[in-house]
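Listed here are the chains, written in short residue letters.
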Amino acid sequence: MSIIVQKYGGSSVATIEKIKKVADSVIEKYKEGNKVVVVVSAMGDTTDDLIAMAKKISNNPDKRELDALLSTGEMVSSSLLSMAIIDKGFQAVSYNAFQIQLKTDGTYGKSLIKEIDTKIIEKSLDEGKIVVVAGFQGISNDGDITTLGRGGSDTTAVALAVKLGGVCEIYTDVDGIYSVDPRIYNKAKKLEKISYEEMLELSSLGAQVMHSRSVELGQKYDIPIYVGLSCSDIKGTYIMEVNDMESKPITGIAVSDDDIAITIQNVKYDINLLSQIFETIAAKKINVDMISQTSPIDNHVNISFTIPKNDKSECIDVLNGFGCKNLIVDENITKFSVVGIGMKTTSGVAAKLFKIFSTNKIEVKMITTSEIRITCAINNYDKTKAVKLVAEEFNL
Ligand code: ADP
Ligand code: ASP
Ligand code: MG
């Protein structure tokens, strides 16, 4: 009997009707002779609504309490789905993070999963029950509720598949992984498969279809992840090991509006000071991504870097603490990335990209690269134009 871990995202369980449909799909898998574990996200926009509520109470809600609040969304959907399955005549049980001892590193809002005790899940499966797990939540060593970061239910599902030795299926509102977010570029092509490496880059760079840490886990434990449209037979995409030497130079594009660029103007060019600043930022778990620096003039430089929008005030506090008052904050940037393992063996991709940008007057503010990606910070207002031009040029 194989174990299948399925995950249904917020839009797939947005209404009672949809929850009942998901119950039917789950039961179908169960009737085929599988042991089924289902991870659910909160219904529809519940998490956004809860955040909005918290923001009405406080501009800067207490992180512990915010996580406690946000975890309630998945408690509602998991018990409702379990109820729906039971109502259809099958056995089901819902579990939250406490009940399956899903332990995290304790960071509020972006926890890493440390361990899961799957005994209770396995016992329920052996008893013939369908197990429904509340995604996105975990508990710290101190017993606090912590969440895994937006979109984190994907990671709950992959972690459970790893622990249970099962296959992993992620069901969402799109019928697979496309070369570009189809909401941004409607001519994007669906991919039959994509390598962990590429998907990890795309999701870290803004393709919200997968929580990036779920892909990381899939890669680490070599668990293929199937992504498909919920309650449908349309063929989706496998995220898996791909060794295709002949692959196109670029597999996909990701864009993200979630970052801001901060420039520290005219700071003393002192490598000790700079490393202390970035160490302090890192200690606050603020993820610095792109960095660029001007050449020293009178031993002073300008340093620009990007961070997530949410971390703006904390980062500015750190910089002010180091006496950096001369700051420019650019909130209107888009991180535009092209990703492809084919880049390892193809030259000229960057040249082609910059030619498109210069011909079409798209200003590039910062650049970072890895072996399989090129990321440019551009102005927000150039986003759609850049996606269309690059997708057409590279036949994505
Ligand atoms: P869920 O609530 O099911 O977790 P998400 O909203 O997190 O769903 O992710 C699905 C969305 O991801 C799609 O509606 C799509 O707009 C977006 N998306 C971004 N990049 C891609 C991509 N490359 N391929 C498919 N979908 C993508
Ligand atoms: N409900 C959470 C969110 O909206 C987690 C998830 O959907 O995976 O981010
Ligand atoms: Mg998601």
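The paragraphs below set out a description of the structure included in this document. A quick note: this is a predicted structure, and the numbers were derived from the prediction, not measured. (Residues numbered from 1 in each chain as written. Chains lettered and ligands numbered in written order. Predicted model: local features only at pLDDT ≥ 70, side-chain atom pairs only at ≥ 80, totals over all residues. Heavy atoms only, no water.)

Here's the deal with the pattern of salt bridges
A full pass over the atoms with the stated rule returns 23 salt bridges. A salt bridge links Arg-64 to Glu-65; its shortest N-O distance comes to 2.8 Å. With a relative accessible area of 36%, Arg-64 lands in the partly exposed category. Notably, a salt bridge pairs Asp-175 with Lys-190, separated by 3.5 Å at the nearest N-O pair. With Asp-175 in the loop between strand 9 (167-172) and strand 10 (193-195) and Lys-190 in the loop between strand 9 and strand 10, this pair connects stretches of sequence that are 15 residues apart. Overall, the relative accessible area of 33% leaves Lys-190 in the partly exposed class. One salt-bridge network, in which partners are shared between bridges, spans Arg-64, Glu-65 and Asp-144. (Salt bridge = Lys/Arg side-chain N within 4 Å of Asp/Glu carboxyl O. Buried < 20%, exposed > 50% of the residue type's maximum accessible area, 1.4 Å probe, protein only. Helix = DSSP H or I, 4+ residues; strand = E, 2+ residues; numbered from the N terminus.)

Some points on the site of ligand 1
Around ligand 1 sit 16 residues in total, of which Thr-172, Asp-173, Tyr-178, Asp-181 and Arg-183 are the nearest. A distance of 2.8 Å separates an oxygen atom of ligand 1 from a polar atom in the side chain of Asp-173. Gln-208 places a side-chain nitrogen or oxygen 3.2 Å from an oxygen atom of ligand 1. Isolated, ligand 1 exposes 570 Å² of accessible area, and the fraction of that covered by the protein chains is 90%. Grouping the constituent residues of the shell around ligand 1 by class yields seven nonpolar, five polar and four charged. (Near = heavy atom within 4 Å. Polar contact = N/O pair within 3.5 Å; in protein donor to acceptor, adjacent residues only side chain to side chain. Areas by Shrake-Rupley, 256 points an atom, 1.4 Å probe, with all protein chains shown as cover. Nonpolar A, V, L, I, M, F, W, Y, C, P; charged D, E, K, R; others polar.)

Quick word on helix 8 (residues 271-283)
Under the 1.5 Å per step criterion, the end-to-end length of helix 8 is 18 Å for 13 residues, consistent within 8% with the ideal 18 Å. All of the buried residues along helix 8 are Leu-274, Ile-277 and Ile-281. One face of helix 8 carries all of its buried residues, which in axial projection span an arc of 60°. The outward face of helix 8, more than 90 degrees from its buried face, is lined by the exposed residues Ile-271, Asn-272, Glu-279 and Ala-283. At its buried positions, helix 8 is contacted by strand 14 (259-268), strand 16 (300-308) and helix 9 (312-321). Downstream of helix 8 by one or two residues, Lys-285 has phi in the positive range, about 60°. (Expected span 1.5 Å × (residues − 1). Arc of directions from axis to C-beta. Contact = heavy atoms within 4.5 Å.)

What about the packing of aromatic side chains?
Aromatic rings considered in pairs are described by the distance between their centres and by the relative angle of their planes. Throughout the structure, instances matching the rule amount to six aromatic pairs. Here Tyr-226 and Tyr-238 contribute two aromatic rings whose centre-to-centre distance is 5.0 Å and whose plane-to-plane angle is 55°, an arrangement assigned as tilted. Taken together, the positions of Tyr-226 in strand 11 (residues 225-229) and Tyr-238 in strand 12 (residues 237-240) put the pair twelve residues apart, joining distant regions of the chain. Pairwise contacts between aromatic rings join Tyr-8, Tyr-171, Tyr-226 and Tyr-238 into one cluster. (Phe/Tyr/Trp six-rings, centres within 6.5 Å; stacked < 30°, edge-to-face > 60°.)

Let's talk about the sheet that holds strand 20 (residues 373-379)
The strand order 13-18-20-19 describes an open sheet built from four strands, whose pairing is antiparallel. For this open sheet the edge positions go to strand 13 (252-256) and strand 19 (364-370), each flanked by a neighbour on one side alone. With direction set aside, neighbouring strand axes in the sheet form an average angle of 20°. As defined by bridge partners, strand 18 (residues 333-339) adjoins strand 20 across seven bridges and the pair is classed as antiparallel. Within strand 20, the residue paired with Lys-335 across the bridge is Ala-377. (Pairing = 2+ DSSP bridges. Axes fitted to C-alpha atoms, helices over the stretch in contact; angles between N-to-C directions.)

So, the site of ligand 2
Surrounding ligand 2, one finds Ser-41, Ala-42, Thr-47, Glu-74, Phe-136, Arg-150, Gly-151, Gly-152 and Ser-153. One of the side-chain N or O atoms of Glu-74 is found 2.6 Å from a nitrogen atom in ligand 2. Ser-153 places a side-chain nitrogen or oxygen 2.9 Å from an oxygen atom of ligand 2. For ligand 2, whose accessible area on its own is 260 Å², the fraction buried by protein is 87%. Considered class by class, the residues forming the shell around ligand 2 number two nonpolar, five polar and two charged.

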